[in-house]
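These are the residues of each chain, in order.
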Amino acid sequence: DGSLTNLVDGSGLSGDGQVHEMVHDNHPDARTMWHVGNQDAGLGGPTGFPPPIADTEIVFRLDKPKSLDGVYIWNHNQLGLTQRGVRDLQILVSDDELLSIADFRPVGTFELAEASGGAEPAQLLSFTARNVRWVKFDIQSAHSGDTDEFVGLSEVRFVEGPIYADSFESEEN
C-alpha cells in the first residue's frame, strides 16, 4: 500500500538475530514498503502519476535526542520494480525540539545499491551526529534514472552506538 508507517514497523522483515541482520521481502504490491504516489503516500508532498522526485523528503522524529552513528536502510524491493528504489539521498539532522523551527545540517550524501528483488539485506550508511531529534532524507534520484518516479524504501533503522533503535516516531514533512 506504500504507507509511510511501513518504513518503521518491521513489516516485510524476517530472519533471526538483530534487526540489521534481517532481510526484507519483495512483496509484488509493495504493501510492506513505502513509496510516493499519486496520493503522496502520506507525505503531503509532490503528487503525480508518477510524481516528481525533486523535493521528496522524509522527516523522522526520534523519541528523544540521540547520538547516531548511521542508519540501516533496506531499499525499495518490490518484485519487478526495484528501479523505484532510492539511488541518491542526502541525510540531514537537527537538534531542535520542534519541526517548525528545525535548522537541518547535512551529515552526508549517499548512494544506495539497487535492491535485488529477492531477500534484501540492509545497507549501512555511516555518519556521526550528536543530540539528534530530527532526521531528514532528501531523496535526489531513483535507480530508474527518471525525474518522475514512484520512488521508495522498504525499511529504516537508525544506529545509536551498538544499540539499534527499533522504536521511534516518524513525521512527514
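Quick note: structure is the one above.
Residues numbered from 1 in each chain as written. Predicted model: local features only at pLDDT ≥ 70, side-chain atom pairs only at ≥ 80, totals over all residues. Heavy atoms only, no water.

To continue, consider the overall build of the protein. Broken down by element type, the protein carries 0 helices and 11 strands. Along the chain direction, N to C, the helices and strands of the protein fall in the order β-β-β-β-β-β-β-β-β-β-β. Restricting the contact set of the protein to residue pairs at least 6 apart, pairs at least 24 apart contribute 77%. Accessible surface computed for the protein: about 7500 Å², of which carbon and sulfur atoms make up 46%. (Helix = DSSP H or I, 4+ residues; strand = E, 2+ residues; numbered from the N terminus. Contact = heavy atoms within 4.5 Å. Areas by Shrake-Rupley, 256 points an atom, 1.4 Å probe, with all protein chains shown as cover.)

In this section: the sheet that holds strand 1 (residues 13-14). An order of 1-2-7 is seen for the 3 strands of this open sheet, with the pairing classed as antiparallel. For this open sheet the edge positions go to strand 1 and strand 7 (120-121), each flanked by a neighbour on one side alone. The pairing of strand 1 with strand 2 (residues 23-24) spans 2 bridges and is antiparallel. Across the sheet, residue Leu13 finds its bridge partner in strand 2, namely His24. (Pairing = 2+ DSSP bridges.)

The subject of this paragraph is the nonpolar core. Membership of the largest hydrophobic core comes to 30 residues, with the highest contact counts inside it found for Val135, Phe137 and Leu153. Looking at this core, the elements with two or more residues in it are strand 4 (57-75), strand 5 (86-94), strand 8 (123-142) and strand 9 (152-160). Here Val135 is in contact with Ile58, Val59, Phe60, Leu62, Leu68, Ile91, Leu92, Val93, Phe104 and Phe158, once residues within four sequence places are set aside. Leu13, Tyr72, Trp74 and Val159 belong to the second-largest nonpolar core, a separate cluster that totals 6 residues. (Core = buried A, V, L, I, M, F, W, Y, C linked by side-chain atoms within 4.5 Å. Buried < 20%, exposed > 50% of the residue type's maximum accessible area, 1.4 Å probe, protein only.)

Turning next to the side chain of His76. With respect to the helices, strands and loops of the structure, His76 is situated in the loop between strand 4 and strand 5. Among the residues examined, His76 registers a relative accessible area of 0% and is labelled buried. Here the side chain of His76 touches Gln78 through a polar contact of 3.1 Å, side chain to side chain. Here His76 is in contact with Ala30, Met33, Trp34, His35, Leu81, Thr82, Arg84, Gly85, Ala115, Gly152, Leu153 and Ser154, once residues within four sequence places are set aside. (Polar contact = N/O pair within 3.5 Å; in protein donor to acceptor, adjacent residues only side chain to side chain.)

Another aspect to go through is the packing of aromatic side chains. Within this structure, the stated rule accounts for 4 aromatic pairs. Pairing Phe60 with Phe137 gives two aromatic rings, centres 5.1 Å apart and planes at 65°, and the pair type is edge-to-face. Linking Phe60 in strand 4 with Phe137 in strand 8, this pair joins segments that are 77 residues apart in sequence. Of the two residues, Phe60 and Phe137, both sit in the buried class. Through a chain of ring-to-ring contacts, the aromatic side chains of Phe60, Phe137 and Phe158 assemble into a single cluster. The aromatic ring of Phe104 is capped on one face by Lys136, whose charged end is 4.3 Å from the ring centroid. (Phe/Tyr/Trp six-rings, centres within 6.5 Å; stacked < 30°, edge-to-face > 60°. Lys NZ or Arg CZ within 6 Å of the ring centre and 35° of its normal.)

The subject of this paragraph is the environment of Glu97. Relative to the assigned elements, Glu97 resides in the loop between strand 5 and strand 6 (105-111). Sequence separation between Glu97 and Arg61 is 36 residues; the distance between their C-alpha atoms is 9.6 Å. Non-local contacts of Glu97, meaning those with residues more than four positions away in its chain, are made with Arg133 and Trp134. In terms of polar contacts, Glu97 uses its side chain to reach the side chain of Arg133, at 3.2 Å.

Here we take up the pattern of salt bridges. Under the criterion given, the structure shown has 10 salt bridges. Of the charged contacts in the structure, one is a salt bridge between Asp69 and Arg130, with a shortest N-O distance of 3.2 Å. Residue Asp69 is found in strand 4, and its partner Arg130 is found in strand 8; the two are separated by 61 residues along the sequence. Residue Asp69 is classed as partly exposed on the basis of its relative accessible area of 27%. Across the salt bridge formed by Glu149 and Arg84, the nearest N and O atoms sit 3.8 Å from each other. Separated by 65 residues along the polypeptide, Glu149 in the loop between strand 8 and strand 9 and Arg84 in the loop between strand 4 and strand 5 bring together distant segments of the chain. (Salt bridge = Lys/Arg side-chain N within 4 Å of Asp/Glu carboxyl O.)

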